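# Examining the three-dimensional arrangement
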Amino acid sequence: MKKILAAMLLTLLVILAAGVGYRWWSSGNGNKKQFQKSQEIFGNPLMGYAPSAWYEKVSEDISLLYMDITWAELEPEEGIYAWDSIEEENQINRWKKEGKHLILRFVCDIPGDEKHMDIPRWLYEKTGEDGTWYDGEYGKGYSPDYNNKVFIEEHEKAIKALGEHFGKDGLISYIELGSLGHWGEWHVNYSDGITRIPEEAVRNQYIMPWLEAFPGVNMLMRRPFHIAEAYGMGLYNDMTGHKESTEEWLTWIQEGGDYGQAEEKDALGSMPDFWKTAPSGGEFTSSVSMEQMLVTDLEQTVELVRKSHTTFLGPKYADSQYKDGYDKVLLNMGYRLWISEAAWKREGQEDCLCLTWNNDGVAPFYKNWPVYLYLEDPSGNTVEKTEINMLLSSVLPDTQLITRTVFETRDIPALLKEGYALSVGIEDPMTEKPGVRLAMECAYQNGRNVLWQKEK
């Protein structure tokens, strides 16, 4: 009888202990924390404004730079590439050191004020000088014949060289596929007698080398061509801020259609959801003044940026002298990731942290950079770093994702009461450092967003 009573008493004690433990874990004694989203305006990696890479001064919100390279700059002599001058002009070492990333566009024809070529002289001669010298509405320049087989073969070699030089370290995050047309925008002013853009089979020969040379880099095209749809590419709009042109671009994306530059029917595909997996970019138009876009028609500009699910704009971007417009457009670009709740659960002897992720932006974070939780002791030393099992790119706007992370360290909530701190960080594989600021009301220190920290 004594043994039975002892066993019953032990069972009762276990139940009571479990009940006390359950109450501690569920009654709000520091095991759950809710956060408010922030409306503070700030820049973040892989989004926002993207000034030219040769700018000497950039504001703190800038994390992307734009680099265009003409073929004449790249390969002044056949097979000899001018890497040193390109890197010096575009401050490549500086941007690597500062942990910033680049948008690349390769260009064969930029209209200017004087007669010139943007392809090298040797290529001009090798292709039989069969392009078109022009002097018209857009300016002066030389438009190659993009149907030329030698031109296509040499283009493939040039792109391969670009990939071998710039495609290995993650510096290039986005490529706006240029190559064809004025400014690499896949159109020519054929009313000046310029040969039209080639048909699809030829155009695709300018695209495929990029996919091989820069695997893992987000590609963007000026129009929703079928190949863009097939390979899950993004799109860019160099007329951002111009209502009619942007709405036409959005109509192409929604409905597809014909491609007048090549007199080709149904050359454009319908890609209304492309932004969910690939970025929308571009730059502000030059046909409308900054004052009109950022002051007079600011609400319209913001609406167009949001409808386009824009992640970045550059090299022509919002002038900082129009501070209110600059900020409001930045606030409505790209991702705005944040955590609304952090809740602890006890599973056996393990501490499990559940985080509720949100995105109040207009686009996802397109790279699946690793996300970590950092536990620090009262002296600031990291005692545990645990990766969260999640795909950042899956947190679409107006959606939630709950992650569950188990730690090796036991009873972390108790440690937090003793002065330990817990933070979350998204690390850039290029720098191996955290640096994404979440849009939530919490401290942000050393690239980490603080979830728990004892008040000093």
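Everything numeric in this text was worked out from a predicted model, so none of it was measured. (Residues numbered from 1 in each chain as written. Predicted model: local features only at pLDDT ≥ 70, side-chain atom pairs only at ≥ 80, totals over all residues. Heavy atoms only, no water.)

## Focus: the overall build of the chain
The secondary structure content of the chain amounts to 14 helices and 22 strands. Seen through its C-alpha atoms, the chain measures out along the principal axes to roughly 105 × 45 × 40 Å. Looking at the 456 residues of the chain, the share that counts as buried comes to 54%. Put simply, the chain shows about 21,400 Å² of open surface, and 47% of that area lies on carbon and sulfur atoms. (Helix = DSSP H or I, 4+ residues; strand = E, 2+ residues; numbered from the N terminus. Buried < 20%, exposed > 50% of the residue type's maximum accessible area, 1.4 Å probe, protein only. Areas by Shrake-Rupley, 256 points an atom, 1.4 Å probe, with all protein chains shown as cover.)

## Quick look at the pattern of salt bridges
Side-chain pairs of opposite charge can arise whenever the charged atoms involved come near each other. Summed over all chains, the structure comprises 20 salt bridges. The partner of Glu 98 in a salt bridge is Arg 94, with the nearest N and O atoms 3.0 Å apart. With Glu 98 and Arg 94 both in helix α4 (residues 92-98) and four residues apart, this pair spans about one turn of that helix. Residue class for Arg 94 comes out partly exposed when judged on its relative accessible area of 24%. Notably, a salt bridge pairs Asp 169 with Lys 96, separated by 3.1 Å at the nearest N-O pair. With Asp 169 in the loop between α6 (149-166) and β7 (172-176) and Lys 96 in helix α4, this residue pair connects regions lying 73 residues apart in the sequence. Through salt bridges with shared partners, one network takes in Glu 78, Lys 126, Glu 154 and Lys 157. (Salt bridge = Lys/Arg side-chain N within 4 Å of Asp/Glu carboxyl O.)

## A word on the pairing of strand β6 (residues 139-143)
Burial analysis of β6 places four of its five residues in the buried class, which makes it a mostly covered element. As paired elements, strand β5 (residues 132-136) and β6 share five bridges and run antiparallel to each other. Among the inter-strand pairings, Gly 136 is bridged to a residue of β6, identified as Gly 139. The turn joining β5 and β6, which pair antiparallel and follow one another in sequence, is formed by two residues. (Pairing = 2+ DSSP bridges.)

## Focus: the pairing of strand β15 (residues 350-359)
The element β15 is largely enclosed, with a buried count of nine among its ten residues. Two strands pair when backbone bridges link them, and strand β14 (residues 337-347) and β15 are joined in this way by ten bridges, in the antiparallel orientation. Considered in β15, the bridge of Leu 337 is made with Asn 359. What sits between β14 and β15 in their antiparallel hairpin is a turn of two residues, with Gly 348 showing a positive phi close to 65°.

## Re the environment of Leu 330
Tracing the sequence through the fold places Leu 330 in helix α13 (residues 323-331). Between the C-alpha atoms of Leu 330 and Ile 41, which are 289 residues apart in sequence, the distance is 7.3 Å.

## Section: the packing of aromatic side chains
In this structure the tally under the stated criterion is 25 aromatic pairs. Between Trp 54 and Tyr 55, the ring centres sit 5.0 Å apart and the planes meet at 55°, which makes this aromatic pair tilted. The rings of Trp 71, Phe 106, Tyr 146, Phe 151, Tyr 206, Trp 210 and Phe 214 are connected pair by pair, giving a single aromatic cluster. The ring of Tyr 190 has Arg 196 lying over it, and the distance from NZ or CZ to the ring centre is 3.6 Å. A cation over a ring is seen here: Arg 437 above Phe 42, with NZ or CZ 4.5 Å from the ring centre. (Phe/Tyr/Trp six-rings, centres within 6.5 Å; stacked < 30°, edge-to-face > 60°. Lys NZ or Arg CZ within 6 Å of the ring centre and 35° of its normal.)

## A closer look at a negative patch on the surface
Together, Asp 68, Glu 73, Asp 84, Glu 88 and Glu 89 give the surface a local cluster of negative charge. Looking at the negative patch element by element, the count peaks at three residues for helix α3 (residues 83-89). By secondary structure assignment, the location of Glu 88 is in helix α3. (Patch = residues over 30% accessible without salt bridge, like charges linked within 9 Å, V, L, I, M, F, W, Y side chains within 5 Å. Lys, Arg positive; Asp, Glu negative; His and termini not counted. Charge placed at Lys NZ, Arg CZ, Asp CG, Glu CD.)

## Concerning the nonpolar core
One broad rule of soluble globular proteins: the nonpolar side chains tend to lie buried together. The biggest cluster of nonpolar side chains holds 128 residues, and the ones touching the most others in it are Tyr 49 and Phe 214. Of all the elements, α6 adds the most residues to this core, at seven residues. Every residue in contact with Phe 214, bar those within four places of it in the chain, is listed here: Leu 104, Ile 159, Leu 162, Gly 163, Phe 166, Gly 167, Ile 172, Ile 175 and Met 219. (Core = buried A, V, L, I, M, F, W, Y, C linked by side-chain atoms within 4.5 Å. Contact = heavy atoms within 4.5 Å.)

## Description of the sheet that holds strand β4 (residues 101-107)
Read across the open sheet, the six strands follow the order β3-β4-β7-β8-β9-β12; overall the sheet is parallel. Single-partner strands in this sheet number two, and they are β3 (64-70) and β12 (280-284). The average angle at which neighbouring strand axes cross in this sheet is 25°, direction not considered. Sheet topology places strand β8 (residues 218-221) next to strand β9 (residues 234-240); two bridges connect them, and they run parallel. Pairing of Leu 220 across the sheet is with Gly 234, part of β9. Where α6 meets the sheet, its contacts fall on β3, β4 and β7, and the angle it forms with β4 comes to roughly 165°. Each of β9 and β12 touches helix α10 (residues 243-255); the most contacted strand, β9, lies at about 160° to it. (Axes fitted to C-alpha atoms, helices over the stretch in contact; angles between N-to-C directions.)

## Let's talk about the sheet that holds strand β1 (residues 32-34)
Working definition: the strands of a sheet are paired by backbone hydrogen bonds and lie parallel or antiparallel to each other. Judged by pairing direction, the sheet is antiparallel, and its four strands sit side by side in the order β1-β14-β15-β18 without closing on themselves. Edge positions in the sheet fall to β1 and β18 (400-406), since each of these pairs with one other strand and no more. The average undirected angle you get between the axes of adjacent strands in this sheet is 15°. One ladder, built from three bridges, connects β1 with β14; its direction is antiparallel. The partner of Lys 33 across the bridge, within β14, is Ala 342.

## Side note on the confidence of the model for the chain
With 93% of its residues at a pLDDT of 70 or more, the chain shows a mean pLDDT of 93. Counting interchain partners and residues more than four positions distant, the pLDDT-below-50 stretch residues 1-29 has twelve contacts. (pLDDT = per-residue confidence, 0-100.)

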